[in-house]
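Structural characterization, general
Letter by letter, the chains look like this.
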Amino acid sequence: GEQHKNFRGGIGAVIAANKKYFPFFKSVGSHCHTSNIGKIIYFARNYFVLAWRLLIDPDIRIVQIHGSYGASVYRKFIIAFTAQMIFNKKIIYHIHSSEYIQKYKSGTWLYKQLCWYLLTKSDVVACLTPNWKELYIKEFNLKNVVVIRNMISPTDFQPSDKGERKPGTTLNLVFLGLIDEKKG
């Protein structure tokens, strides 16, 4: 949403990159880092902002919902149901959580129903890796799963004369993050 400027986590990074490279991209947040009552107020306010945008902007044909697990599923169900059933929009449910299936399996009956709705009623379920795609197909027998990798933005850094790489030389990169099975 609008907090993508000071994002925390993968979903915020994706929104920031989309906003930067696709000027027609529109976003509305459903979560912010504040108190529980603040989160409820934030979601309610932005739910009405989204509904208003869907009502007045006929050019919006697809709603891409970025989600995780836990409370995200409840919020995203409300958004998907509204966009689909009231405004007749196509839904892309873009899952960013490596723990979605595990949380589904250990969830309550209601939680599982909401996940099931999001997965089976969305026009497309997007995940981040081919491994995750296979897991969603196997676990939920889905036919609508695609891989959309997180965008890697070109750097704004312009190398100076010092440290500029000469053509034909090796480029060394450092990855600072978590690489493990759950990340695919």
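Our subject is the structure that appears above.
Notes on the structure in this doc start here.

1. Some words on the nonpolar core
- By size, the foremost hydrophobic cluster in this structure holds 32 residues, and its most contacted members are V73, Y93, Y100, L119 and Y136.
- Mapped by element, the contributors of at least two residues to this core are α2 (36-56), β1 (62-67), α3 (71-86), β2 (90-95), α4 (100-105), α5 (109-121), β3 (124-127) and α6 (130-140).
- The residues touching Y93, leaving out its near neighbours within four places in the chain, are I65, G67, S68, V73, K76, Y100, L118, L119, S122, V124, V125 and A126.

2. Quick word on the side chain of D57
- Locating D57 in the fold gives a position in the loop between α2 and β1.
- A polar contact of 3.0 Å, which involves the side chain of D57, links it to the backbone nitrogen of D59.
- Beyond its immediate stretch of four places on either side in the chain, D57 contacts K26 and K89.

3. Observations concerning the pattern of salt bridges
- Here the structure, examined in full by the defined rule, presents three salt bridges.
- The residue E99 makes a salt bridge to K103 at a minimum N-O spacing of 3.9 Å.
- Relative accessible area serves as the criterion here: at 24%, E99 is assigned to the partly exposed category.

4. A few points about the environment of W116
- Secondary-structure assignment places W116 in helix α5.
- Of the residues examined, W116 reaches a relative accessible area of 37% and is grouped as partly exposed.
- C-alpha separation for the pair W116 and F77, spaced 39 residues apart in sequence, amounts to 9.9 Å.
- In contact with W116, other than residues within four places in its own chain, are Y104, K121 and F140.

5. Observations regarding the pairing of β1
- Pairing of β1 with β2 involves six bridges; the strand directions are parallel. Considered in β2, the bridge of I65 is made with Y93.

6. Overview of the packing of aromatic side chains
- Applying the stated criterion to the full structure yields 11 aromatic pairs.
- Ring geometry for Y93 against Y100: centres 6.1 Å apart, planes inclined by 65°, an arrangement best described as edge-to-face. With respect to burial, Y93 and Y100 carry one shared label: buried.
- Here the aromatic residues Y93, Y100, Y104, W116, Y136 and F140 are joined through ring pairs into a cluster of three or more.
- Residue placement shows K112 over the ring face of Y104; its charged tip is 6.0 Å from the ring centre.

7. Quick notes on the sheet that holds β1
- If you walk across this open sheet you meet the four strands as β1-β2-β3-β4, and the pairing is parallel. Sheet topology places β1 and β4 (145-147) at the edges, where each strand pairs with a single neighbour. On average, adjacent strands in this sheet sit at an angle of 25° to one another, irrespective of strand direction.
- Sheet topology note: the β2/β3 ladder contains three bridges and is parallel. Each residue of the ladder has a partner; that of Y93, found in β3, is V125.

Calculation notes
- Residues numbered from 1 in each chain as written.
- Predicted model: local features only at pLDDT ≥ 70, side-chain atom pairs only at ≥ 80, totals over all residues.
- Heavy atoms only, no water.
- Core = buried A, V, L, I, M, F, W, Y, C linked by side-chain atoms within 4.5 Å.
- Buried < 20%, exposed > 50% of the residue type's maximum accessible area, 1.4 Å probe, protein only.
- Helix = DSSP H or I, 4+ residues; strand = E, 2+ residues; numbered from the N terminus.
- Contact = heavy atoms within 4.5 Å.
- Polar contact = N/O pair within 3.5 Å; in protein donor to acceptor, adjacent residues only side chain to side chain.
- Salt bridge = Lys/Arg side-chain N within 4 Å of Asp/Glu carboxyl O.
- Pairing = 2+ DSSP bridges.
- Phe/Tyr/Trp six-rings, centres within 6.5 Å; stacked < 30°, edge-to-face > 60°.
- Lys NZ or Arg CZ within 6 Å of the ring centre and 35° of its normal.
- Axes fitted to C-alpha atoms, helices over the stretch in contact; angles between N-to-C directions.

Function cannot be read off these values alone, since they describe shape.
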